[in-house]
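# Residue-level structural notes
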Amino acid sequence: MNKKKIAFAAAAAALALGAAGSSIAFADPAGQPQYRQLSGVGSDTTQDVMNGLAAAITVNGQKVLGSYDATGSANITTKDPATNPNCTMARPNGSGAGRSALLNSLQANNGCLDFARSSALNLAAAAPGLTYVPFAVDGVSYAITPGSAIPRKLSLTDLKAIYHCDPNYVGTGPNYDMTVYLPQAGSGTRSFWQSQMGITEADVVAGVYPCIKDKKAGAPVQEHDGRVLDDSAIVPFSIAQYQAQSSQTIADLRGRALLGTIDGLAPTVLNNGFGVKRDVYNVIPTSKVATAPWSNVFVGANSEICKQTSVINTYGFATNPNCGDTTKQTP
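It should be emphasised that the depicted structure is a prediction, and the values quoted were computed from it without experimental measurement.

Attention shifts here to the state of the cysteines. According to the stated counting rule, one finds three disulfides in the structure shown. Disulfide pairing places cysteine 165 opposite cysteine 211 at an S-S distance of 2.1 Å. On the sign convention where negative is left-handed, the bridge of cysteine 165 and cysteine 211, at about -90° about the S-S bond, is left-handed. Taken together, the positions of cysteine 165 in the loop between α3 (156–163) and α4 (167–170) and cysteine 211 in the loop between α6 (201–205) and β11 (212–213) put the pair 46 residues apart, joining distant regions of the chain. Both residues of the pair, cysteine 165 and cysteine 211, count as buried. Disulfide pairing is shown between cysteine 306 and cysteine 323; the S-S distance is 2.0 Å. Its torsion about the S-S bond being -95°, the disulfide of cysteine 306 and cysteine 323 is classed as left-handed. On the criterion of sequence distance, the pair formed by cysteine 306 in the loop between α8 (294–297) and α9 (309–314) and cysteine 323 in the segment after β18 (318–319) is long-range, its members being 17 residues apart.

So, about the pattern of salt bridges. Taken as a whole, this structure holds nine salt bridges when the rule is applied. Measuring nitrogen to oxygen at the nearest pair gives 2.8 Å for the salt bridge that ties aspartate 114 to lysine 79. Within this pair, whereas aspartate 114 is found in the loop between α2 (95–108) and β7 (115–118), its partner lysine 79 is found in the loop between β5 (75–77) and β6 (88–90), the two being separated by 35 residues in sequence. For aspartate 114, a relative accessible area of 7% translates into the label buried. Here aspartate 138 makes a salt bridge to arginine 278, at a shortest N to O gap of 3.1 Å. Of the two residues, aspartate 138 sits in strand β8 (residues 130–144) while arginine 278 sits in strand β17 (residues 277–285), which places them 140 residues apart along the sequence.

Within the structure shown, the criterion is met by four aromatic pairs. Each ring, one from phenylalanine 115 and one from phenylalanine 298, has its centre 5.2 Å from the other, and the planes form 50°; the classification is tilted. Here the residue phenylalanine 115 occupies a position in strand β7, and phenylalanine 298 occupies one in the loop between α8 and α9, the gap between them amounting to 183 residues. Judged by relative accessible area, phenylalanine 115 falls into the buried class, the value being 0%. A centroid spacing of 5.7 Å and a plane angle of 80° characterise the contact between tyrosine 132 and tyrosine 281, whose relative ring orientation is edge-to-face. Of this pair, tyrosine 132 sits in strand β8 while tyrosine 281 sits in strand β17, and the two are 149 residues apart along the sequence. A residue is classified by how much of its surface remains accessible, and tyrosine 132, at 1% relative accessible area, is buried.

For the rest of this paragraph, the subject is the confidence of the model for the chain. Looking at the chain as a whole, the pLDDT averages 91, with 91% of positions reaching at least 70. Note on residues 1–25: pLDDT under 50 across the span, and 60 contacts to partners over four residues away in sequence or across chains.

Scoring rules and cut-offs
Residues numbered from 1 in each chain as written. Predicted model: local features only at pLDDT ≥ 70, side-chain atom pairs only at ≥ 80, totals over all residues. Heavy atoms only, no water. Disulfide = S-S within 2.5 Å. Helix = DSSP H or I, 4+ residues; strand = E, 2+ residues; numbered from the N terminus. Buried < 20%, exposed > 50% of the residue type's maximum accessible area, 1.4 Å probe, protein only. Salt bridge = Lys/Arg side-chain N within 4 Å of Asp/Glu carboxyl O. Phe/Tyr/Trp six-rings, centres within 6.5 Å; stacked < 30°, edge-to-face > 60°. pLDDT = per-residue confidence, 0-100. Contact = heavy atoms within 4.5 Å.

Below, the structure written as structure tokens:
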């Protein structure tokens, strides 16, 4: 796409997306028991599907998963203060923050966290070791508004040019024609999108791509919240999140956001066929892979999570053919 050659057109209608409906999920563990055997934090992308799985999965008649949202109250308490008084912590926001919080808990041996949600694979060395267990597949597209001058159909090459701040696409600074957003630092969607765009976190932080922003009015851009968009803005957006918000399965934060088509492939229901796709994971201590309840809930094709295909699909994700695999481990 060369800016001089393309006729920019506004889109008139949202995509018709068909995820099955259900009631909006709770932000943090709801119902009894209040505190669960397996407490987890991290990814915004997978928080809602994990809330749904936490409600559906029981072991010996008891709910065992406690999944705490990426945003909400400033602090969370993950274990019963009567037996573990040191498990109140700042709420981790995003895959990176979830991984760090899990590692901190494991290193302190305090039992406060048992898993982390991650929408990106990070096999950098960790002590103690971590295992990334895939359970679903998500697609990521770009979001714009109905009145945007940015086309609803782009190639991956076009998107890479935009995120490299090519002046033929974004204009010249300091007042660029496009506002090119990334989600907040630590977001798994941010790191995944950077990998797809061929840019690095270090270069973004260093200002190599000056058209890219991750704040609006001083506030970090929260992933999958379309209310950040105006008619000159673009931001990556999880297809599963978009579907689940559209169906009112979860809170609708899309605002006026519409998803774009990449390389002629529309962002449609269940994302195994979409070109820009990713596995999503639960991260568990490698030392617990063969230990219940981690082994029952997360590990293997017959694990409690992998049995819940209807819940996974309801939240807009495709089932993962490698669900429960434990081969992706940090050194």
